[in-house]
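Below, each chain spelled out in residue letters.
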Amino acid sequence: MELNFKKGDWIFFLVCLALGILAERSFLHGNIGLSYPVFITVFYGVFFWRYRSFTFTNKKLGLLMIVSIWMLSSSFFLHSNMILYILNFLVIPVMVIIQLVLVTYPVQNQWHRWPFVQKLFLTVGAAIAYVYRFLMHVAKFSVRGLEEKKSATLRKVLIGVGISLPLLFVIVNLLVSADQQFGNLLGAFPRWLLGLKIEEEVARTVAVIIYTLAIFGLLQVLRIKQPVPADDPKPTGKVAWDSVISLTVLTLLNIVYLLFVAVQFQYFFGETLKAGYTYAEFARRGFFELLFVTMLNLLIITTIVSYVEKSSKFITLFIRSLLSLLVTFSGVMLYSAFLRLLMYEEAYGFTFARVLAHSFMVFLLVVLCYSLMRIWMERLSLVRFYIIAAIIFYTVINTIQLDQYIVDRNLERYSETGKIDIYYLNSLSYEGVEGLVELYKLNPGHPGLSDLLLQRKQEFLDSEESWNSINISRRSAEKAIKDLEIQ
């Protein structure tokens, strides 16, 4: 298929080339910091300029995703958690592609269905195909230009170079023998050439080309008018679960969960725990199993709500009651897992994984509450809520300072118990360094603390910060440790 390029397309390609250069400068020159939100801001500025006359769809979710993307990119500037750093480096580009396809998708409010997922993969494939056709178009255009000029000038230039090379070899050697300064000048040229780091510059040029073509291909493909899919007739062979089978499964599950919850309440309000094992042992036993069972229950609830066949009012009411009971038992198990993890943190301290697990359980609790509402209100959509809630949850996790919370809780625990793992604090982001500074103010004689702070202070002195790696968390930690007088 031949591409029909207009003047505006070539101008937009040059704009994408500038974006490609900015992307290379933002992502391939040391640690990423301020450069990420800057790039996202410029990228979406270019996108809205290019699509200024385009009619967008799914605007509310699209706006939510833009806000989420920008906040995630800002976390590179504000925070420094390495786990989220790596995760966001992979997540943000995927979210950008989803958001772009979402607002240009020809169907309104159908983004939670399988055709939209197919559209995502088709769009990526179409962008790659478009880039290939564009490169072929550029190659044909270049060759055609040479044929029109009959390549006469180019052939003459090559002939001239071939004749000059042996002459230059003889003349240059004679001139070097005649003048030592001229020889030194020519000798400096190879050293200058080596100083250019040609391999690195070639790699960066290739990166600019890849960024440019990826952005150009994607944004060009999305502008192509897409036909609105026809409404599919309601399928006659829709998969449905038998209501009696579902009723039996729910009854048996609820009986088992009732027995389990009865045992849990003995732990919560009785003395059974003290007679058996320690709080730490209790906390460690079964936490992940409870979390997995809760998530499995959510899957069961979603499946039954979506696929159980319509039946009599009595059976429907009975199923809804059992589902509500299942949600209640799931909430109790989630609370049990929450308490177990809390006990474990009190015994062994706070870590990023443990606090993240706590946060995830809060997210599951919100999902359970909504699922309970959906059981009794058929017009609500579970899948839509799950997607939106997941986006908001992930954004909040990246926005709040989890590492600062971990540091504060561990310092509080140190004040109460005198126990703290300074090497774990040091492994955290720059908030951990500030925590070590606060610990030094509390107890300068803590074993190994002075050496650790001196090591981190030297790292700050030896490192340089360019504009693209500016990070607020790093600057705050650097100021705190440089102002500290370490003995």
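Residues numbered from 1 in each chain as written. Predicted model: local features only at pLDDT ≥ 70, side-chain atom pairs only at ≥ 80, totals over all residues. Heavy atoms only, no water.

A. The arrangement of the environment of Ala-18 in detail. In this fold, Ala-18 is placed in helix α1 (residues 7-27). Through-space distance from the C-alpha of Ala-18 to that of Val-208 is 9.0 Å; in sequence the pair is 190 residues apart. (Helix = DSSP H or I, 4+ residues; strand = E, 2+ residues; numbered from the N terminus.)

B. Main features of the pattern of salt bridges. For the structure shown, the criterion picks out nine salt bridges. Glu-378 is paired through a salt bridge with Arg-320; the nearest N and O atoms lie 2.7 Å apart. Of this pair, Glu-378 sits in the loop between α14 (352-376) and α15 (382-399) while Arg-320 sits in helix α13 (residues 313-348), and the two are 58 residues apart along the sequence. Glu-478 is the salt-bridge partner of Arg-474, the closest N and O atoms lying 3.1 Å from each other. Placement of the pair is Arg-474 and Glu-478 together in helix α20 (residues 472-482), with a separation of four residues, close to one helical turn. Among the charged side chains, a salt-bridge network with shared partners connects Arg-474, Glu-478 and Lys-482. (Salt bridge = Lys/Arg side-chain N within 4 Å of Asp/Glu carboxyl O.)

C. Examining the packing of aromatic side chains more closely. Under the counting rule described, the total for this entry stands at 32 aromatic pairs. When the centroid spacing of 5.8 Å and the interplanar angle of 35° are considered together, the rings of Tyr-430 and Phe-460 count as tilted. With Tyr-430 in helix α18 (residues 430-442) and Phe-460 in helix α19 (residues 449-462), this residue pair connects regions lying 30 residues apart in the sequence. Both residues of the pair, Tyr-430 and Phe-460, belong to the buried class. The ring of Phe-12 has Arg-50 sitting right over it, with the charged end atom 4.3 Å from the ring centre. (Phe/Tyr/Trp six-rings, centres within 6.5 Å; stacked < 30°, edge-to-face > 60°. Buried < 20%, exposed > 50% of the residue type's maximum accessible area, 1.4 Å probe, protein only. Lys NZ or Arg CZ within 6 Å of the ring centre and 35° of its normal.)

D. Region of the structure containing a nonpolar patch on the surface. A surface patch of nonpolar side chains, about 480 Å² in accessible area, is lined by Ile-159, Ile-163, Leu-167, Val-170 and Ile-171. Within the element layout of this structure, Ile-163 appears in helix α6 (residues 152-178). Here Ile-163 falls in the exposed class, since its relative accessible area comes to 53%. (Patch = residues over 30% accessible without salt bridge, like charges linked within 9 Å, V, L, I, M, F, W, Y side chains within 5 Å. Areas by Shrake-Rupley, 256 points an atom, 1.4 Å probe, with all protein chains shown as cover.)

E. View of the layout of surface pockets. Estimates place the volume of the second largest pocket at around 600 Å³. Looking at the second largest pocket, it is lined by 20 residues, and the ones nearest its centre are Pro-93, Ile-97, Tyr-211, Ala-214 and Ile-215. Elements supplying a minimum of two residues to the lining of the second largest pocket: α2 (35-50), α4 (82-104), α5 (114-148) and α8 (198-222). Looking at which element gives the most residues to the lining of the second largest pocket, the answer is α8, with six residues. Its residues placed into classes, the lining of the second largest pocket shows 20 nonpolar, no polar and no charged. (1 Å grid on protein atoms, 1.4 Å probe; cavity = no way out; pocket = protein on both sides within 12 Å on 5 of 7 lines; lining within 4 Å. Points joined across faces, edges and corners; volume = space filled by probe spheres on them. Nonpolar A, V, L, I, M, F, W, Y, C, P; charged D, E, K, R; others polar.)

F. Expanded view of the nonpolar core. In terms of nonpolar packing, the biggest core is built from 50 residues, with Phe-39, Phe-43, Tyr-44 and Leu-100 touching the most fellow members. Those elements that provide at least two residues to this core are α1, α2, α3 (59-78), α4, α5, α8 and α15. In this structure, Ile-319, Phe-329, Leu-341 and Ile-375 belong to the second largest nonpolar core, which totals 34 residues. (Core = buried A, V, L, I, M, F, W, Y, C linked by side-chain atoms within 4.5 Å.)

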